[in-house]
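# Chain and residue survey
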Amino acid sequence: MLFRSAEAELARLTAAIDEQRVNGLIQVNYPGFLTQTPLWRPNRQVPVAALTYTGEVLGVPAISFSMSDWTQQALDLVVRAGCRRVALLGIWPRDSAPMATYRRQLAGHGLTGPDWWQMYLHPYSAASAREWLQALLALPAARRPEALLIADDNLVEASTAGLAAAGVRDPEDLLVIAHFRSEEHTSELQSQFRISYAVF
């Protein structure tokens, strides 16, 4: 797993490819970062695939996430916990197919959540999650969400900061359901449930 600041890791991986010690790459995040490296060169020696919900990206084959499966599982857990008011923090544009599906699922579960409780953030703008959560959780108790879905692990760190800044300390204050890819992304989050995406 490579992160933006991991120049040494990048150098080691590039060397391993050049020495034919790596047979392929699966990029587990949006591959924009790697496009600026030798790993994405047109004459690369190894096949590359990306995990993404948007289909083929930048000419690279994609292994797609089932977003609707994730939100279905998350909302099932919300109902089971006895919550009714739900906020969603994700990386899907408001007019996207995953968001349309989410709104249908929300209504189908008999749950509520106004459109402004459905926040779209690009992973590179994740820091904005902190301010959004602080504003959301400053509402009077009867008008704020009882459950928060964090549908992308790139948003978890900033969300954790936002929850702490808003004074959320006890799981009884807010049900948090977060997507996760690894414990590194979720170890600090006060989430009762962590769901990975189904992949197809």
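Preceding this paragraph is the structure being described.
Below: a short report on this structure. Counting restarts for each chain: residues are numbered from 1 in the order of the written sequence. Local features in this predicted model are restricted to residues of pLDDT 70 or higher, and side-chain atom pairs are both shown and tallied only at a pLDDT of 80 or more, whereas totals for entire chains, interfaces and linings draw on every residue. Note: side-chain values were computed over all heavy atoms of the structure, leaving out hydrogens and water.

Before going further, it helps to examine the pairing of strand S7 (residues 175-179). Where burial is concerned, most of S7 is hidden: five out of the five residues are buried. Burial classification: accessible surface area is computed with a 1.4 Å probe over protein chains only, and a residue below 20% of its type maximum counts as buried, one above 50% as exposed, and the rest as partly exposed. Helix and strand assignments follow DSSP, with helices taken as H or I runs no shorter than four residues and strands as E runs no shorter than two, numbered in order from the N terminus. What you see with S7 is no split at all: Leu175, Ile177 and His179 on one side and Val176 and Ala178 on the other are buried throughout. Here, any two strands with at least 2 DSSP bridges between them count as paired. Note: strand S6 (residues 147-150) against S7, four bridges, orientation parallel. Considered in S7, the bridge of isoleucine 150 is made with alanine 178.

Let us now look at the pattern of salt bridges. For salt bridges, the criterion is a side-chain nitrogen of Lys or Arg within 4 Å of an Asp or Glu carboxyl oxygen. In this structure the tally under the stated criterion is one salt bridge. Measuring nitrogen to oxygen at the nearest pair gives 3.9 Å for the salt bridge that ties glutamate 146 to arginine 85. One end of the pair, glutamate 146, is in the loop between helix H4 (128-137) and S6; the other, arginine 85, is in the loop between helix H2 (67-80) and strand S4 (86-90), and 61 residues separate them in sequence. Taking the relative accessible area as the measure of exposure, arginine 85 reaches 22% and is therefore partly exposed.

This next bit is on the packing of H4 against helix H5 (residues 156-165). Helix axes use the C-alpha atoms of the stretch in contact, all axes being lines fitted to C-alpha atoms, and the angles between their N-to-C directions lie in the range 0 to 180 degrees. In contact at an axis separation of 7 Å, H4 and H5 are set at 35 degrees when each is read in the N-to-C sense. Note on packing geometry: the crossing formed by H4 with H5 is right-handed. Residue-level contacts link Ala129, Arg130, Leu133, Gln134 and Leu137 of H4 to Ala158, Ser159, Ala161, Gly162, Leu163 and Ala165 of H5. Should the near helix be turned anticlockwise from the far one by less than a right angle, the crossing is left-handed, and should it be turned clockwise, the crossing is right-handed. The contact definition used throughout considers only heavy atoms, calling two residues in contact when any of these lie within 4.5 Å.

Judged by which residues are buried, S6 turns out to be covered on both faces: Ala147 and Leu149 on one side and Leu148 and Ile150 on the other are all buried. Strand direction decides the pairing type here: S4 and S6, joined by four bridges, are parallel. Each bridged residue has a counterpart across the sheet, and for leucine 88 the counterpart in S6 is leucine 149.

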